[in-house]
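Architecture and fold: a report
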Amino acid sequence: MLRQQDVGHRIVVRRIVGVREGRPLFSDALGELVELTETHVTLATDQGRLRVPVAEVHRAKRVPPARRPTAAAVVALELASDEAWPAPTRGRLGDWLLRSAEGWTGRANSALPVGDPDRPLPAALDAVERWYADLGQPALVNTPLPLAAPVGAELDARGWTSRPLTLVQTAPLAPLRAGPPPGRPDTPLGQVDAPPGRHGEVEPGAGAPPAAPGRAGLPPVELAAAPSDDWLAVAAGRKGGLPDAARHVLTAVGQVRFAHVYADGVLLAIGRGTVTGDGRWLGLSLIEALPHARRQGLATHVVRALADWGAALGASGAFLQVEQRNTPAVTLYRRLGFTTHHTYLTRVAP
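Residues numbered from 1 in each chain as written. Predicted model: local features only at pLDDT ≥ 70, side-chain atom pairs only at ≥ 80, totals over all residues. Heavy atoms only, no water.

A few words on helix α6 (residues 244-251). Inspection of α6 places A245, A246, V249 and L250 among the buried residues, and these make up the whole buried set. Take α6 and look down its axis: the buried residues cluster within an arc of 135°, on one side only. The inward-facing, buried residues of α6 abut α1 (71-84), α5 (229-239), β13 (256-263), β14 (266-276) and β15 (281-289). (Buried < 20%, exposed > 50% of the residue type's maximum accessible area, 1.4 Å probe, protein only. Helix = DSSP H or I, 4+ residues; strand = E, 2+ residues; numbered from the N terminus. Arc of directions from axis to C-beta. Contact = heavy atoms within 4.5 Å.)

With that out of the way, let us pick up the pattern of salt bridges. Counted according to the given criterion, the structure contains twelve salt bridges. In this structure, R238 and E288 form a salt bridge, with 3.8 Å as the shortest nitrogen-oxygen distance. Of this pair, R238 sits in helix α5 while E288 sits in strand β15; the two residues are 50 residues apart in sequence, bridging distant segments of the chain. By relative accessible area, E288 is classed as buried at 5%. (Salt bridge = Lys/Arg side-chain N within 4 Å of Asp/Glu carboxyl O.)

Let us look at the side chain of T42. As for its placement among the helices and strands, T42 is situated in strand β3 (residues 40-45). Taking the relative accessible area as the measure of exposure, T42 reaches 2% and is therefore buried. Not counting the four nearest positions on each side in its chain, T42 is found in contact with E32, L33, V34, E35, R49, L50 and R51.

Right, let's talk about the side chain of R347 for a bit. For R347, the position within the fold is in strand β17 (residues 339-348). Within the structure, R347 has its side chain in polar contact with the backbone oxygen of G152 (distance 3.4 Å). Only 3.2 Å separates the side chain of R347 from the backbone oxygen of T161, close enough to count as a polar contact. (Polar contact = N/O pair within 3.5 Å; in protein donor to acceptor, adjacent residues only side chain to side chain.)

The terminal C-alpha atoms of helix α7 (residues 298-312), which comprises 15 residues, lie 21 Å apart, in line with the 21 Å expected from a rise of 1.5 Å per residue. Of all 15 residues in α7, 13 are buried, a share of seventy percent or more. Just beyond α7, the residue with positive phi is G314, at close to 100°. (Expected span 1.5 Å × (residues − 1).)

Below you can see the structure in the form of structure tokens.
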């Protein structure tokens, strides 16, 4: 049977649709699992969303993805993501990247093992451990899957543990700018790079006006080249503080915009967008509706404004990172048109 770890993956569900001559009739459905509750299984199929009562499920299991991206596509997206979330302290082992940001977020404080480290794998991981030890930090390694599976196997042998699986999701900009089909309002979003034990975080120039007009009666989204104090206060609350390195991670990108939604002087929602990867990718991160303003469609409102900005700069696709277990965020992003490109595990040294 399915588990929460299967959310975001391709599954097949065999359900009971009737009885004929005393024998059950079955129908199979194939799609991406977007929500799993005690009462229903919801999957996105080629024909649309399908919500199946658990009582009707005869069998259900995860199946291989329809197709996997090429290794080159995974590397390109990982490098665009690194460019969008730049650690201030950096090193290299051949093609591998070493990153540190005073411990602020896992992504900015981990090695990225893509490409050739110019030495045997065990020696490369020894060097990673020494680099972080010299900084007085725990060693972390982000392993994009299945690309970095050999690295993961070596880390398993060394007794490294794993943080929750993260989905790297992508979508073309056109449906993001159009918005999702009618349905439930936005659900609260969590975080991808939160400290261990928290629910995880949705991780993500000229050419667009500073504010996107309000849609469906919502206040306008203001896009600024720098975050306001209110914006930073929300980010600090979600990320456990903002050291100096955090400001570098947030702002040291050539094309970056910080989204603010205000009503009567009160901040309702925030978001951050970057354009990286030779101008191809809009990166979305810190999309957040504040508790007093949730379930009004504000997260979608912010995403649409940032998508308009990214499109004006020539971006053709968007990406974000979200923990697999963050079901509300996975569901929202699925409604917006995001699908899982690949996944990664953040590995932690013993």
